[in-house]
Amino acid sequence: FRVCVAQLVSKGGRFMIVGVPRETFPGERRVALVPTVIPNLSKVGIEVVIEAGAGVKAGFPDAEYAAKGAKVLNSRAEVFATADIVIQVLCYGSNDQTGKADIPLFRRGQVLIGFLRPLGSIETIREIAATGVTSFSVELVPRTTRAQSMDALSSMGTICGYKAVLLAAETLPKIFPMLTTAAGTITPAKVLVIGAGVAGLQAIATARRLGAVVSAYDLRPAAKEQVQSLGGRFVELPIEAKDAQDAGGYAKAQGEEFYQRQRELLAKVIAESDVVITAAVVPGKKSPVLVTKEMAAGMAPGSVLVDLASERGGNCELTKPGEVIVEHGVTIIGYFNFASTVPYHASQMYARNIAAFLQLMVKDGKLQINFEDDIIKSTLVTQAGEVVNPRIREFFSLPPLVAEQKEAK
C-alpha cells in the first residue's frame, strides 16, 4: 500500500459525521457507541448522529446521547444519508439475517466500521465492496500493544467467558463453592475450560471467583502461565502441537491425527468435570471437535457443557448452534452472541474500542487514513469497489490485485 490521505469534511465544513444506526440482528441489544465517548470524539472533530432508540435496549436512552451533543435522527435511512462514517456492531457479513437491507443505503466513499465476519462469505464481502464503501473489520485488529485499546474481539470475548460461567452455574444442579455447613461439607464444583484465549481466561477467572476448582487446557504451551496466574490447574497432555499459534497469537488448526489423540487424553478429565466450557476457535475455519458424543456421555448426569464455539459448528459433536439440548443427562448449551446478553457493558467496551479506532483515523475534523499503518492495513477490507485485504484474498484464493502484482515485479 502507498500512504494515502483522504479528507472528507461534513456539510458544516468542520466535523466528520459518524452515524450510529440501530442494530437489527434478531435479539441484538448492543449499540455501537455510548454517550460517554462522544465528548472525546468531538475533540478530534467528530459529530455523532444516532438513530432514535438505538441505545435503549443497552440502557442508553436518546436523551443521554442528546445531552452529550449527539443528534438523534428519526430514520435509519437518514443516518446513512448523513454520515461520512457508519459505525455498527454487526454489519452485513456478521449479520446474515437482516444486514443485507443496509446495502442500498451505502454510498461510494462512505466508511463502514464494525464486525464484518471477513473470513465467512466472500460473496457477502464482494457485495459490500460493490457499494464503494471503505470498510474496516474490527475482527482483524492485530493483537499488538499499540492496537490493544481497539481490540473489540477481545472485549467481546471477555464478556462471553464471564457469561458462559454464570449460565453454567445457573444450570448445574450443584453449587460452585465449597461450603462447610451444619449439614456437613459440600465439595466444590469441578470446571474444565478448553481453550485459554481471552474468553477462556475470563471463564477461568469467573469460575474461580465463584469458588469452583478449575482446570484448563490449551494446545499453546504459552497459555500455561496465564492459566496458573488465575488460580487454575493447567492440564498437560503428552502431545505437542505443530505451530500452535499464528503471528497474531491465535491458535492454529491442527491435523485430525492430533485432535484424535487430544480427545483420547482429554476424555478422562472431561468425565471427572461437572462443567466443561469449550472456547477453541480457529479464525475462518470450522471449530475443531474436541468433545465427542461418547465423551459427553461419559460425564455424570446433571453435568453442563457450554460451547462457546457453537457459531462455527461447535467444539462438541452434539452441540446444536443456538439451542440448549440434553443428551445422556448432560445439558449442552449452544448459544452464541453471549455479549448481547450483557448489553450495557458490552456496548461500553465496544464503544471505547471504536472511539480509539476513530481517533486513529480522524484529525481536526478530517478523515486521514494512512494505509501504511499496520492497524489500518490489517483491518481494511474493501476500498473503491475492491476486496483489498491481502489476508482475505489469500484465504479465499483470490488473485493478487494489479497494484500488488506490479510491486511483486
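Residues numbered from 1 in each chain as written. Predicted model: local features only at pLDDT ≥ 70, side-chain atom pairs only at ≥ 80, totals over all residues. Heavy atoms only, no water.

## Digging into the environment of Glu 47
Next, step 1: Position of Glu 47 relative to the elements: it lies in strand S2 (residues 46-51).
Next, step 2: Once the C-alpha coordinates of Glu 47 and Val 18 are considered, the two residues, 29 residues apart in sequence, prove to be 6.1 Å apart.
Next, step 3: If we skip the residues at most four places from it in the chain, Glu 47 touches Phe 15, Met 16, Ile 17, Val 18 and Lys 71. (Helix = DSSP H or I, 4+ residues; strand = E, 2+ residues; numbered from the N terminus. Contact = heavy atoms within 4.5 Å.)

## Let's talk about the packing of helix H5 (residues 152-171) against helix H10 (residues 343-361)
The geometry of a pair of packed helices is captured by two quantities: the angle between their axes and the separation between those axes.
Next, step 1: Where H5 meets H10, the closest approach of the two axes is 9 Å, and the angle between their N-to-C directions is 165°. Relative to H10, H5 is oriented roughly antiparallel. In terms of crossing hand, the pair formed by H5 and H10 is right-handed. In this structure, H5 contributes Ala 152, Ser 155, Met 156, Thr 158 and Ile 159 to the contact, and H10 contributes Ala 346, Met 349, Tyr 350 and Asn 353.
Next, step 2: Partitioned by chemical class, the residues of the contact of H5 with H10 number six nonpolar, three polar and no charged. (Axes fitted to C-alpha atoms, helices over the stretch in contact; angles between N-to-C directions. Parallel < 35°, antiparallel > 145°, perpendicular 65-115°, else oblique. Left-handed = near helix turned anticlockwise from the far one by under 90°. Nonpolar A, V, L, I, M, F, W, Y, C, P; charged D, E, K, R; others polar.)

## Digging into the sheet that holds strand S14 (residues 324-327)
Next, step 1: As summarised here, the arrangement of the seven strands in space is S11-S10-S9-S12-S13-S15-S14, forming an open sheet in which the pairing is mixed. Two strands in the sheet have a free side with no partner beyond their single neighbour: strand S11 (233-234) and S14.
Next, step 2: Sheet topology note: the strand S9 (residues 190-194)/strand S12 (residues 275-278) ladder contains four bridges and is parallel. Its bridge partner being in S12, Val 193 is matched across the sheet by Ile 277. (Pairing = 2+ DSSP bridges.)

## Comments concerning the packing of aromatic side chains
The description of two aromatic rings rests on the distance between their centres and on the angle between their planes.
Next, step 1: Summed over the entire model, instances satisfying the criterion amount to five aromatic pairs.
Next, step 2: Here Phe 60 and Tyr 344 contribute two aromatic rings whose centre-to-centre distance is 4.6 Å and whose plane-to-plane angle is 20°, an arrangement assigned as stacked. On the criterion of sequence distance, the pair formed by Phe 60 in the loop between S2 and helix H2 (62-67) and Tyr 344 in helix H10 is long-range, its members being 284 residues apart.
Next, step 3: Residues Phe 395 and Phe 396 carry aromatic rings whose centres are separated by 5.0 Å and whose planes lie at 85° to one another, so their mutual orientation is edge-to-face.
Next, step 4: Overall, Phe 395 belongs to the partly exposed group, its relative accessible area being 31%. (Phe/Tyr/Trp six-rings, centres within 6.5 Å; stacked < 30°, edge-to-face > 60°. Buried < 20%, exposed > 50% of the residue type's maximum accessible area, 1.4 Å probe, protein only.)

## What about helix H6 (residues 198-209)?
Next, step 1: In this model H6 runs 17 Å from its N-terminal to its C-terminal C-alpha over 12 residues, within 8% of the 16 Å that 1.5 Å per residue would give.
Next, step 2: For H6, a buried count of nine out of 12 residues is recorded, marking the element as mostly surrounded by other parts of the structure.
Next, step 3: Those residues of H6 not exposed but buried are Ala 199, Gly 200, Leu 201, Gln 202, Ala 203, Ile 204, Ala 205, Thr 206 and Ala 207.
Next, step 4: Contact partners of the buried residues in H6: H5, S9, strand S10 (213-217), helix H7 (223-229) and S12. (Expected span 1.5 Å × (residues − 1).)

## Remarks on the nonpolar core
Next, step 1: Ranked by internal contacts, the top residues of the largest apolar core, which has 55 residues, are Ile 85, Ile 113 and Met 361.
Next, step 2: Mapped by element, the contributors of at least two residues to this core are strand S1 (16-20), helix H1 (38-43), S2, strand S4 (85-90), strand S5 (111-115), H5, H10 and helix H11 (374-379).
Next, step 3: Examining the composition of this core, we find that nine residues originate from one element, H10, more than from any other.
Next, step 4: In this structure, Ile 85 is in contact with Met 16, Ile 17, Val 18, Gly 19, Val 111, Ile 113, Leu 358, Val 362 and Leu 367, ignoring residues within four places of it in sequence.
Next, step 5: Core analysis: the next-biggest nonpolar cluster, separate from the first, contains 30 residues, Val 193, Val 275, Ala 279 and Phe 338 among them. (Core = buried A, V, L, I, M, F, W, Y, C linked by side-chain atoms within 4.5 Å.)

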